[in-house]
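Listed below, chain by chain, are the residues.
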Amino acid sequence: MARAESRIDEINTFIRKLAAGDLQTPLEPSEAHDDLDAIAEGLNMLAEEIEASTISIDRYRALVSELQTTLDDVKTLSGLLPICAWCRQVRSDEGYWTQLEHYVSEHSDARFTHGICPKCAAGIGESTGE
C-alpha cells in the first residue's frame, strides 16, 4: 500500500509540474506495471500534446506579432483622390485644399524631391528668351 501512495504522490507532483509549465520531465514507469502506470503514461502523452500545442501557439503569436508590425508600417493611399485639374491641390476628407506633396506625405511614407524635367526646362528657356 505504501508503494501505491508513493506512486500517487509522484503522479500528484507531476501534475503540479504540468500545471506550472514543466513539460520536459516525463513521469517514469514503475516496476509494478499497474493502473497507476497507465495513468502516468496518459499524463506523459498529455504533456507531449500540451508541449506541441504550446509551440504552435507560440509560433502563431509570433506570426501575428510580425504581421501586426508589418501592417503598422504600411501606409497606403487608395480609392479616388480629388485633385484640382488646374493647380494640382488635393481636397482632404474635411474639405480643405492642400498641396499634393503635403497630402501624399501625410497619408503615406512617400517623400518628395523636386527638380525640373527636360521638357519643362526647355519651356523655361523659351519663356525667358534664352
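For the structure, see preceding data.
The present account deals with the structure reproduced in this document.

Let's shift gears to the overall build of the protein chain. A tally of regular secondary structure across the protein chain gives four helices and two strands. Helices (α) and strands (β) of the protein chain occur, in sequence order from the N terminus, as α-α-β-β-α-α. Every one of the 130 residues in the protein chain was classed for burial, and the buried ones make up 15%. The contacts in the protein chain between residues at least 6 apart in sequence include a share of 37% that link residues at least 24 apart.

What follows covers the nonpolar core. The tendency in soluble globular proteins is for nonpolar side chains to be buried side by side. Core analysis: the largest hydrophobic core is formed by nine residues, namely Ile11, Phe14, Leu18, Leu23, Leu27, Leu36, Ala40, Leu43 and Ala47. Broken down by element, this core gets its largest block of residues, four residues, from helix H2 (residues 35-73). The contacts of Ala40, once residues within four sequence positions are left out, are Arg7 and Leu27.

What follows deals with the state of the cysteines. Enumeration according to the criterion identifies zero disulfides in this entry. Here Cys84 stays free of any disulfide, with the sulfur of Cys87 as its closest cysteine sulfur at 3.6 Å. Using a relative accessible area of 23% as the deciding quantity, one classes Cys84 as partly exposed. Take Cys87: its relative accessible area is 39%, and that puts it in the partly exposed class.

A few words on unusual backbone geometry. Here Arg88, not a glycine, exhibits a phi torsion of approximately 70°, which is positive. With respect to the helices, strands and loops of the structure, Arg88 is situated in the loop between H2 and strand S1 (90-91).

So, how was this worked out
Residues numbered from 1 in each chain as written. Predicted model: local features only at pLDDT ≥ 70, side-chain atom pairs only at ≥ 80, totals over all residues. Heavy atoms only, no water. Helix = DSSP H or I, 4+ residues; strand = E, 2+ residues; numbered from the N terminus. Buried < 20%, exposed > 50% of the residue type's maximum accessible area, 1.4 Å probe, protein only. Contact = heavy atoms within 4.5 Å. Core = buried A, V, L, I, M, F, W, Y, C linked by side-chain atoms within 4.5 Å. Disulfide = S-S within 2.5 Å.

By themselves, these are just geometric observations and shouldn't be taken as functional.
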